[in-house]
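Commentary on secondary and tertiary structure
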Amino acid sequence: MATSTMVDARSAELRRRAEELTPGGVHSNIRLSAPRVFFERGQGAWLWDVDGNDYVDHLLGQGPNFLGHAPAAVLERVAEACSKGMVYGGQHELELEAGSRFLDALGWPEMVRFGVSGTEMVQAALRLARAATGRDRFVRFAGHYHGWLDNVLLAPTEDGSGTVASEGQLASHLEDSFVLRWNDADALAELLGQHGDEVAAVIMEPFMCNSGAIAPRDGYLRRVRELCDAHGVVLIFDEVITGFRLALGGAAERFGVVPDLATYGKAMAGGFPVAALAGRADLMERFASGVAHAGTFNSSVMACAAIAASLEQLTAERPHERVEQHGRAVMEGIERLARDHDVPLRVQGVGMAFHVSFGEDRTVHDSVELQQLDLERYQRFSEQLVAHGIWVASRGIWYVSTAHGQAELDAVLERFEATLRAGEV
Ligand SMILES: Cc1ncc(COP(=O)(O)O)c(C=O)c1O
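Just so it is clear, the structure is predicted and the values come from calculations on it, not from any experiment.

**Description of the side chain of Ser401**
Along the chain, Ser401 turns up in the loop between strand S14 (397-399) and helix H13 (406-422). A polar contact is formed between the side chain of Ser401 and the backbone nitrogen of Ala403, at a distance of 3.0 Å. At a separation of 2.9 Å, a polar atom in the side chain of Ser401 contacts the side chain of His404. With residues near it in sequence (within four places) discarded, Ser401 still touches Ala45, Leu60, Asn65, Phe66, Gly68 and Val323.

This is the structure we're talking about:
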């Protein structure tokens, strides 16, 4: 079992070698701010590193491992399908099974295109909205993440307007968007009242997971839907995290509001690199008549087998209530432990995706309010959690999978308490 004095000699050695081969020793900048652990394997809700330490995993690869690590039915289906080849440069029958399981699970969209990353699906959605409306700009919200490309990457500013987040990012590309605070329907009404005829799309995480785990206020999504309809604007839900996780039908099902288009990724394919754009047929059909969307690996055999097997399992098992209950037990458990230790921990969200930080115990409604919490303290605390055998992100998000059960709950609470007892909060 992991302890605060866990050994990391092999990870340290591999880290040195990785830094010679790869900028920063990582292949995604998100990992620059995480402890540089090298993992050997994952199974269910657990990870093992190369030094023999084990971790209860509440990061789940940033979300994709909703079925836990190495889900047997998905792996078997992928291996069997791929034994007959992987990329044909043409169609294959598994695309139809994956496509119809996908649309059936979600319930509302009429057509789907598969891709490889959420980043590219967001761009496809924005392009489609522009083509359909003949307008150029879009509305997005502070704290929402829609991938790392120039027109959507945004660093937070105190007033929520946002600014370029990377050297080399074209600031001019951010001029395509209006940035608003989320969860404020009046602000959107005012903006669309003034600029509605320039706006092709409103894009949002319908339950914000990239900054906190923040639910829409009662009636907010419905009002956004009405405003988009009134101004002829395409409503895009970015469900790359929430899709298939918040409910089988994602945030759209959970909150009962249907967008025109939605992007998906992560939880849809049992850990395999797959993404999707789905929506109304009259919009989606434009991909066959003038709107470009392409990708060598789109709908590969591996992708379609992984989607089909994952969605078959999710549809048959309907695990969301169980996952929600497990997450609630973790949320309540760590809150109780923090109270016992007189630590001002705050937890917000839903069982399958919640956010942990320090600060005043009140509900926050957008990323500007979130920035007022003590996020740096949690960042330091998260490193101690990792050192005690709980694999979590420094930005506070905790995910739960279908593989988390009583043993994981017991282990996580024991390790959380050991971290608090170590007093390095
Ligand atoms: C809401 C949302 N949209 C888009 C993306 C980009 O997806 P990807 O990392 O697959 O490119 C992410 C990634 O975390 C995300 O959380």
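Structure shown, so let's carry the discussion forward.
**Description of the environment of Trp48**
Positionally, Trp48 belongs in strand S2 (residues 46-49). What makes Trp48 partly exposed here is its relative accessible area of 22%. Once the C-alpha coordinates of Trp48 and Gly389 are considered, the two residues, 341 residues apart in sequence, prove to be 9.6 Å apart. Here Trp48 is in contact with Phe39, Glu40, Arg41, Gly42, Gln43, Asn53 and Asp54, once residues within four sequence places are set aside.

**Brief notes about the environment of Pro319**
Within the element layout of this structure, Pro319 appears in the loop between helix H9 (301-317) and helix H10 (320-340). Once the C-alpha coordinates of Pro319 and Trp108 are considered, the two residues, 211 residues apart in sequence, prove to be 20 Å apart. When residues no more than four places from it in sequence are discounted, the contact partners of Pro319 are Leu314 and Thr402.

**A word on the packing of H10 against H13**
Relative orientation of the contacting elements H10 and H13 amounts to 25 degrees, with a least axis distance of 10 Å. As far as their axial angle goes, H13 and H10 are roughly parallel. The element H10 and its partner H13 pack so that their crossing is right-handed. When H10 is examined against H13, the residues His326, Ala329, Val330, Gly333, Ile334, Arg336, Leu337 and Ala338 are found in contact with a partner set consisting of Leu409, Val412, Leu413, Phe416, Glu417 and Leu420.

**Structural notes on the domain arrangement of the chain**
As assigned here, the chain comprises domain 1 (9-69 + 319-422) and domain 2 (72-317). Using C-alpha coordinates to define each centre, domain 1 is positioned 25 Å away from domain 2. At the interface, 29 residues of domain 1 touch 33 residues of domain 2. Between domain 1 and domain 2 the total buried area reaches about 2,500 Å² when both faces are included, carbon and sulfur atoms providing 58% of it. Joining domain 1 to domain 2, the criterion identifies two salt bridges. Between Glu324 and Arg254 there is a salt bridge, with the nearest N and O atoms lying 2.8 Å from each other. Put simply, domain 1 and domain 2 have ten residue pairs in polar contact (both at pLDDT 80 or more) between them. At the level of secondary structure, the elements contributing two or more residues to the side of domain 1 that touches domain 2 comprise H10, strand S11 (345-350), strand S12 (353-358), helix H11 (367-371) and S14.

**Some thoughts on the sheet that holds strand S10 (residues 275-279)**
Strand order in the open sheet formed by seven strands is S4-S10-S9-S8-S7-S5-S6, and the pairing between neighbours is mixed. Edge positions in the open sheet fall to strand S4 (111-115) and strand S6 (177-180), since each of these has one partner strand only. Shown here is a sheet whose adjacent strand axes are inclined to one another by a mean of 20 degrees, direction ignored. Pairing of strand S7 (residues 199-204) with strand S8 (residues 234-238) involves four bridges; the strand directions are parallel. Residue pairing for S8: Val202 is matched across the bridge by Leu235.

**Quick word on the layout of surface pockets**
For the second largest pocket, the calculated volume is near 560 Å³. Among the elements of the structure, helix H3 (94-106) and S4 are those that each provide at least two residues to the lining of the second largest pocket. Per-class residue counts for the lining of the second largest pocket are eleven nonpolar, eleven polar and four charged.

**So, the sheet that holds strand S1 (residues 39-43)**
Spatial ordering of the open sheet is given by S1-S2-S3-S13, a layout of four strands whose pairing is mixed. Both outer strands of the open sheet, S1 and strand S13 (390-391), are each paired with one neighbouring strand and no more. Where strand S3 (residues 54-57) meets S13, two bridges bridge the pair, whose relative direction is parallel. Considered in S13, the bridge of Asp57 is made with Trp391.

**Observations concerning the pattern of salt bridges**
Scanning the model with the defined rule gives 20 salt bridges in all. Measuring nitrogen to oxygen at the nearest pair gives 2.7 Å for the salt bridge that ties Asp229 to Arg225. Of this pair, Asp229 and Arg225 both sit in helix H6 (residues 220-230), four residues apart, which is roughly one turn of the helix. Its salt-bridge partner being Arg225, residue Asp260 comes within 3.0 Å of it at the nearest N-O pair. Here the residue Asp260 occupies a position in the loop between helix H7 (250-255) and strand S9 (261-264), and Arg225 occupies one in helix H6, the gap between them amounting to 35 residues. When its relative accessible area of 5% is taken as the criterion, Asp260 is described as buried.

**Observations concerning the site of the ligand**
Within the structure, the ligand sits among Ser117, Gly118, Thr119, Tyr145, His146, Gly147, Glu205, Asn210, Asp238, Val240, Ile241 and Lys266. With respect to the ligand, the backbone of Tyr145 contributes an N or O atom lying 3.2 Å from a nitrogen atom. In isolation the ligand has 380 Å² of accessible area, and contact with the protein removes 82% of it.

Cut-off values and rules
- Residues numbered from 1 in each chain as written.
- Predicted model: local features only at pLDDT ≥ 70, side-chain atom pairs only at ≥ 80, totals over all residues.
- Heavy atoms only, no water.
- Helix = DSSP H or I, 4+ residues; strand = E, 2+ residues; numbered from the N terminus.
- Polar contact = N/O pair within 3.5 Å; in protein donor to acceptor, adjacent residues only side chain to side chain.
- Contact = heavy atoms within 4.5 Å.
- Buried < 20%, exposed > 50% of the residue type's maximum accessible area, 1.4 Å probe, protein only.
- Axes fitted to C-alpha atoms, helices over the stretch in contact; angles between N-to-C directions.
- Parallel < 35°, antiparallel > 145°, perpendicular 65-115°, else oblique.
- Left-handed = near helix turned anticlockwise from the far one by under 90°.
- Domains from an automatic or database assignment.
- Buried area = accessible area lost by both parts, 1.4 Å probe.
- Salt bridge = Lys/Arg side-chain N within 4 Å of Asp/Glu carboxyl O.
- Pairing = 2+ DSSP bridges.
- 1 Å grid on protein atoms, 1.4 Å probe; cavity = no way out; pocket = protein on both sides within 12 Å on 5 of 7 lines; lining within 4 Å.
- Points joined across faces, edges and corners; volume = space filled by probe spheres on them.
- Nonpolar A, V, L, I, M, F, W, Y, C, P; charged D, E, K, R; others polar.
- Near = heavy atom within 4 Å.
- Areas by Shrake-Rupley, 256 points an atom, 1.4 Å probe, with all protein chains shown as cover.

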